[in-house]
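A structural walkthrough
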Amino acid sequence: MLSTPKQLLRLSQGQLNLLEKCPRHFQHSYLEKLHSPNSPEHEELQNLGSRFHLLMQQREMGLPIDNFLETDTQLQKWMADFADTAPEIVYPNIDSETFRDSEHYRTLQVDEYLLTVIYDLLIAQTNQAQIIDWKTHPKPPKKRYLEQNWQTRLYLYVLAETSNYIPENISMTYWFVQSPAKPQNVKFLYSSAQHEKTRKKLQQAFNKLSKWLTDYSQGKPLPQIPKGRKVCERCQYATRCDRVAIMQEHDAVAENNTESLINENNTGLLNIITIEEVSL
Ligand code: SF4
């Protein structure tokens, strides 16, 4: 009898972040595809980000971008600021040894998982490769949040695994094109030690996920995060997870707390928002 090949589960950095944040959220969003509509503000930010990505892709492909720029003053400003700040990226001296590709797609199969990455821009030269990622958030998050985000870890890992570059010759740079004064960048150099660390982290995540998926196929949902976490307050699945009552109790307690505690909570919430904004 022929055995049926096991279907690969495709995983992006966003899904790995979700899995780490809350396995039940991963279940609802990814396995069950339950989505609620985004807020108009969120939609607007996403559209703006998409337009900038498209502009940079067209430019890289040598297609005309003047029409784009003429009708969009926001893009015009970002493009002009970025060209001033990073002319080596916008007007590079390209030799025959340099390979540049926008929206560069790679996959890496590990067990029954297919890791997928899309680099906004890949610049590969004889001895080094750079991954560039455009961000259109107003403010860069703290470097340590970016470092821990799966986008950074996975993007570097997949390039090292699918190319001849050693980790020490690979880097990743986030460009925040909307920073108030001028575009800012945050760069990560890679190393063999970090590569091994990511390999272990991925394996741990896969081991857990494989077990959860087996349980799920037998009717057991993926784990929720512990009760009382503030992240549930902003979650679209709070009702489904029966976390609304806890949120209301939490609100009642919070009203009686001191101003300093409220400020402390707000800072924590801002941090959570910042982390989430990283994975577009
Ligand atoms: S409400 Fe809390 S436990 Fe439920 S999916 Fe959202 S974050 Fe996870």
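Before any of the text, the structure's been laid out above.
It should be emphasised that the depicted structure is a prediction, and the values quoted were computed from it without experimental measurement.

1. Observations regarding the pairing of strand S5 (residues 170–176)
The element S5 is largely enclosed, with a buried count of seven among its seven residues. Covered by surrounding structure in S5 are Ile170, Met172, Tyr174 and Phe176 together with Ser171, Thr173 and Trp175, the residues of both alternating faces. Pairing between strand S4 (residues 129–135) and S5: seven bridges, direction parallel. Bridging from a neighbouring strand, Trp134 pairs with Trp175 of S5. Direction of pairing for S5 relative to strand S6 (residues 184–189): antiparallel, over a ladder of six bridges. The residue bridging Trp175 from the neighbouring strand is Asn185, located in S6.

2. Notes on helix H2 (residues 23–31)
Within H2, eight of the nine residues are buried, which leaves it mostly tucked inside the rest of the structure. By the burial criterion, the buried members of H2 are Pro23, Arg24, His25, Phe26, Gln27, His28, Ser29 and Tyr30. In the core, the buried residues of H2 are packed alongside strand S1 (9–11), helix H1 (13–21) and helix H9 (192–217). The first or second residue beyond H2 is Lys33, which carries a positive phi of 50 degrees.

What counts, and at which threshold
- Residues numbered from 1 in each chain as written.
- Predicted model: local features only at pLDDT ≥ 70, side-chain atom pairs only at ≥ 80, totals over all residues.
- Heavy atoms only, no water.
- Buried < 20%, exposed > 50% of the residue type's maximum accessible area, 1.4 Å probe, protein only.
- Helix = DSSP H or I, 4+ residues; strand = E, 2+ residues; numbered from the N terminus.
- Pairing = 2+ DSSP bridges.
- Contact = heavy atoms within 4.5 Å.

So far we have only geometry, and geometry alone does not tell us how the molecule works.
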